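Chains, contacts and geometry: an overview
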Amino acid sequence: NAGVTQTPKFRILKIGQSMTLQCAQDMNHNYMYWYRQDPGMGLKLIYYSVGAGITDKGEVPNGYNVSRSTTEDFPLRLELAAPSQTSVYFCASSQWDTGNTIYFGEGSWLTVV
Amino acid sequence: DQQVKQNSPSLSVQEGRISILNCDYTNSMFDYFLWYKKYPAEGPTFLISISSIKDKNEDGRFTVFLNKSAKHLSLHIVPSQPGDSAVYFCAATVGDNNNDMRFGAGTRLTVKP
């Protein structure tokens with residue numbers, strides 16, 4: 001009964017370092033998403049994918065990259081970490097592109113110092 | 001550019017009473033609205049939604065009201081239970097399209113026994 005699994009849960013990065021947030025879903029969903037939530041703000045869409053091999057930018061894509069080589073996995077890459085990327089990151093998936101079908105992961109807390 | 005605003009960061013109510021969570025939006029193109037609920041250390045989960053062709057949608061103890069002219073929606077929980085204590089996010093989209101969803105910052109509801 002895993003649903004959407006994100007790793008790591010917590011990470012501290014130094015400025016300029018790179019890292020990948022992993023996301024996997026076992027529900028065979030077509031759509032996958034990465035959101036970030038800054039303190040006192042709502043979730044903002046970083047990137048999304050409508051199927052394997054297809055990705056597209058969301059509202060706040062700068063500083064991030066994604067890939068979707070399989071239906072199950074949707075990793076988020078930070079190439080040169082900046083303090084502005086300190087946030088909570090949520091991966092999500094859905095069978096359709098409708099809001100009432102989105103399943104979120106538990107979140108990954110990232111601090112860039 | 002906060003297109004969806006939840007102006008109350010927190011709300012505290014007594015068990016058995018009504019909880020009313022409010023949400024305002026600025027984009028008149030939004031035509032589908034959702035509420036998500038989030039417990040600590042978990043991802044948000046879908047709670048209830050409403051289309052702009054309706055002004056009310058009810059699901060058990062949860063009712064969402066939409067006032068299009070005021071660009072305002074509210075979530076009513078009656079009666080409130082301690083298990084309802086969580087952060088509630090309002091979200092809005094055009095055509096129920098996940099890729100265009102905008103979230104409010106959330107309201108933390110505490111229901112006291």
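The following paragraphs examine the structure supplied in this document. Note that the structure is predicted; figures quoted are calculated from it, not measured.

Things to note about the environment of P83 of chain A
Residue and element names in this part refer to chain A. Here P83 shows up in the loop between β8 (76-78) and β9 (87-94). The partly exposed category is assigned to P83, whose relative accessible area is 44%. Taking C-alpha positions, P83 is 7.4 Å from T111, a pair spaced 28 residues apart along the chain. Other than its neighbours up to four places away in sequence, P83 contacts I15 and V112.

Considering the side chain of H29 of chain A
Of note, H29 of chain A is situated in the loop between β3 (19-25) and β4 (31-37). Setting aside residues no more than four positions away along its own chain, H29 of chain A makes contact with R68, T71, S93, S94, Q95 and Y103 of chain A.

Here's the deal with the nonpolar core
All names here are of chain B. Judged by nonpolar contacts, the single largest core of 23 residues is most densely connected at F33, W35, L73, L75 and Y88. When residues of this core are traced back to their parent elements, those giving at least two are β3 (19-25), β4 (32-38), β5 (45-51), β7 (62-67), β8 (72-77), β9 (86-93) and β11 (107-112). Ranked by the residues each element gives to this core, the list is headed by β9, at four residues. Contacts of L75, omitting those with residues within four sequence positions, involve S19, I20, L21, W35, L47, I48, F62, T63 and Y88.

A closer look at the sheet that holds strand β6 (residues 56-59) of chain B
All names here are of chain B. Here five strands make up an open sheet; going across it, the order is β1-β3-β8-β7-β6 and the pairing antiparallel. This sheet does not close on itself; its edge strands, each paired only once, are β1 (4-5) and β6. The pairing of β1 with β3 spans two bridges and is classified as antiparallel. By the bridge assignment, K5 is partnered in β3 with D24.

A few points about a nonpolar patch on the surface
Taken together, the side chains of I18, I20 and V78 of chain B make up a nonpolar region of the molecular surface, amounting to roughly 230 Å² of accessible area. Inspection of the secondary structure puts I20 of chain B in strand β3.

Here we look at the packing of aromatic side chains
Counted under the stated rule, the structure contains 11 aromatic pairs over all chains. Taken together through their ring pairs, the aromatic side chains of Y33, Y35, F90 and F104 of chain A together with Y36, F46 and F103 of chain B make up a single cluster.

Points about the environment of S74 of chain B
All names here are of chain B. Here S74 is to be found in strand β8. By relative accessible area, which is 8% here, S74 ends up buried. Separated by 50 residues in sequence, S74 and D24 place their C-alpha atoms 8.6 Å apart. In this structure S74 touches I20, L21, N22, W35, T63, V64 and F65, once residues within four positions along its chain are discounted. A polar contact of 3.3 Å, which involves the side chain of S74, links it to the side chain of H76.

Quick notes on the rules
Residues numbered from 1 in each chain as written. Chains lettered and ligands numbered in written order. Predicted model: local features only at pLDDT ≥ 70, side-chain atom pairs only at ≥ 80, totals over all residues. Heavy atoms only, no water. Helix = DSSP H or I, 4+ residues; strand = E, 2+ residues; numbered from the N terminus. Buried < 20%, exposed > 50% of the residue type's maximum accessible area, 1.4 Å probe, protein only. Contact = heavy atoms within 4.5 Å. Core = buried A, V, L, I, M, F, W, Y, C linked by side-chain atoms within 4.5 Å. Pairing = 2+ DSSP bridges. Patch = residues over 30% accessible without salt bridge, like charges linked within 9 Å, V, L, I, M, F, W, Y side chains within 5 Å. Areas by Shrake-Rupley, 256 points an atom, 1.4 Å probe, with all protein chains shown as cover. Salt bridge = Lys/Arg side-chain N within 4 Å of Asp/Glu carboxyl O. Phe/Tyr/Trp six-rings, centres within 6.5 Å; stacked < 30°, edge-to-face > 60°. Polar contact = N/O pair within 3.5 Å; in protein donor to acceptor, adjacent residues only side chain to side chain.

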